[in-house]
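Residue-level structure breakdown
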Amino acid sequence: MNVIEKLRCLLTFGQGVALPLPNISSETDPFTLFEQWFDDAKKSGILLPESMSISTCNDKGQPSSRMVLLKEFNQEGFVFYTNYGSRKSQELENNNKISLLFHWNVLQRQVRIEGEVCKTPVEQSKKYFHSRDQGSQIGAWASKQSSQLTTEKELQQREQYYKDKFATLEQIPYPEFWGGWQVKPNYIEFWQGRASRLHDRICFKKQDGSWENFKLHP
Ligand SMILES: Cc1cc2nc3c(=O)[nH]c(=O)nc-3n(C[C@H](O)[C@H](O)[C@H](O)COP(=O)(O)O)c2cc1C
């Protein structure tokens, strides 16, 4: 974190607590509210405000969590990209229920999201893949994400193999085993920390195709 980022963080610290909560009516759209909070997080100087924890469950009901980056969001849902052979993807193939969690500490805010996933269309994944830098594209080919490494050198050798293999091509091909998951939410909760510890919790639940909202005790 450089000095300017540190200063921005300091200036933002606690602002969430001080700022009034938006007026919530039955018309309030949770995506619009998410967009406002995400913008606040981006302006706050926090490193990687787009990082989020995602939790999946295996066939024994054992949950597991890991961080990923939010790359797109709109009324259709929240998108992250990964290897389709990874542990998270295997678990999502068997159970498409997922939860996401954002924590923007200097704003004292968290957002909890629950929903179901589907794969993004191949064209969308391809477009995003080719927007990444070359090193990341090679990395996607080289990593058998979540598989056990056999030797220390295996990963470097695989990276070199794909570098050589694609060296003469104008564009690195898109790997079919890599792409996006779109999370279609049915529950979104906005948590705002308060100095009194009487924190605010505003919840949006999708009922029969439309969103209703209510508040919870902290
Ligand atoms: C800040 C942060 C962002 C990350 N972003 C991604 C991501 O966008 N996609 C991804 O596949 N892994 C990402 N990772 C790595 C994952 O946390 C995880 O180690 C990896 O996806 C393998 O998880 P799995 O074995 O549970 O499938 C990120 C890690 C961190 C700490």
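Figured I'd write up the structure that's included with this text. (Residues numbered from 1 in each chain as written. Predicted model: local features only at pLDDT ≥ 70, side-chain atom pairs only at ≥ 80, totals over all residues. Heavy atoms only, no water.)

With that out of the way, let us pick up the site of the ligand. Around the ligand, the neighbouring residues are Leu48, Arg66, Met67, Val68, Leu69, Tyr81, Thr82, Ser86, Arg87, Lys88, Gln145 and Ser146. One of the side-chain N or O atoms of Arg66 is found 2.7 Å from an oxygen atom in the ligand. Isolated, the ligand exposes 620 Å² of accessible area, and the fraction of that covered by the protein chains is 63%. The dominant element in the shell around the ligand, judged by the number of residues it contributes, is strand E2 (residues 63–69), at 4 residues. (Near = heavy atom within 4 Å. Polar contact = N/O pair within 3.5 Å; in protein donor to acceptor, adjacent residues only side chain to side chain. Areas by Shrake-Rupley, 256 points an atom, 1.4 Å probe, with all protein chains shown as cover. Helix = DSSP H or I, 4+ residues; strand = E, 2+ residues; numbered from the N terminus.)

Sheet faces and side chains relate simply in a regular strand, where the side chains alternate between the two faces. For strand E1 (residues 51–57), the tally of buried residues reaches 5 of 7 residues, placing the bulk of the element in the interior. Pairing geometry for E1 and E2, over 7 bridges, is antiparallel. Bridging across to E2, Thr56 finds its partner in Ser64. Linking E1 to E2, which pair antiparallel, is a turn of 5 residues; within it Gly61 sits at a positive phi near 80°. Note: E1 against strand E5 (residues 97–104), 3 bridges, orientation antiparallel. Note on E5: the bridge partner recorded for Ser55 is Ser99. (Buried < 20%, exposed > 50% of the residue type's maximum accessible area, 1.4 Å probe, protein only. Pairing = 2+ DSSP bridges.)

The subject of this paragraph is the packing of helix H6 (residues 134–142) against helix H7 (residues 154–165). The interhelical angle for the contact between H6 and H7, taken along N-to-C directions, is 120°, at an axis separation of 9 Å. Here H6 is positioned oblique relative to H7, judged by the angle of their axes. As for the relative orientation of H6 and H7, their crossing is right-handed in sense. Residues Ile138, Trp141 and Ala142 of H6 lie in contact with H7, whose contacting residues are Leu155, Arg158, Glu159, Tyr162 and Lys163. Among the residues forming the contact of H6 with H7, the class breakdown is 5 nonpolar, no polar and 3 charged. (Axes fitted to C-alpha atoms, helices over the stretch in contact; angles between N-to-C directions. Parallel < 35°, antiparallel > 145°, perpendicular 65-115°, else oblique. Left-handed = near helix turned anticlockwise from the far one by under 90°. Contact = heavy atoms within 4.5 Å. Nonpolar A, V, L, I, M, F, W, Y, C, P; charged D, E, K, R; others polar.)

With that out of the way, let us pick up the packing of aromatic side chains. This model, assessed by the stated rule, comprises 24 aromatic pairs. Arranged with centres 5.0 Å apart and planes meeting at 85°, the rings of Phe34 and Phe78 form a pair that is edge-to-face. Placement of the pair is Phe34 in helix H3 (residues 30–43) and Phe78 in strand E4 (residues 77–83), with a sequence separation of 44 residues. A relative accessible area of 0% means that Phe34 is categorised as buried. The buried category is assigned to Phe78, whose relative accessible area is 0%. Judged by centre distance (4.9 Å) and plane angle (85°), the rings of Tyr161 and Tyr162 are edge-to-face. An aromatic cluster of at least three residues, connected via ring pairs, comprises Phe31, Phe34, Phe38, Phe73, Phe78, Phe102, Trp104 and Trp211. Looking at Arg109, its charged tip hangs above the ring of Trp37, at a distance of 4.2 Å from the centre. (Phe/Tyr/Trp six-rings, centres within 6.5 Å; stacked < 30°, edge-to-face > 60°. Lys NZ or Arg CZ within 6 Å of the ring centre and 35° of its normal.)

Another point: a nonpolar patch on the surface. A cluster of nonpolar side chains, Leu47, Leu48 and Leu69, forms an exposed patch at the surface whose accessible area comes to about 270 Å². The topology assignment puts Leu47 in the loop between H3 and E1. (Patch = residues over 30% accessible without salt bridge, like charges linked within 9 Å, V, L, I, M, F, W, Y side chains within 5 Å. Salt bridge = Lys/Arg side-chain N within 4 Å of Asp/Glu carboxyl O.)

On to the pattern of salt bridges. Inspection of the entire model under this criterion finds 11 salt bridges. Residues Lys42 and Asp39 are paired through a salt bridge, measuring 3.8 Å at the closest nitrogen-oxygen approach. Taken together, the positions of Lys42 and Asp39, both in helix H3 and 3 residues apart, correspond to about one turn of that helix. By relative accessible area, Lys42 is classed as partly exposed at 42%. With a closest N to O distance of 3.9 Å, Lys184 and Glu76 form a salt bridge. On the criterion of sequence distance, the pair formed by Lys184 in strand E7 (residues 178–192) and Glu76 in the loop between strand E3 (72–74) and E4 is long-range, its members being 108 residues apart. Classification of Lys184 by relative accessible area gives partly exposed; the value is 37%.

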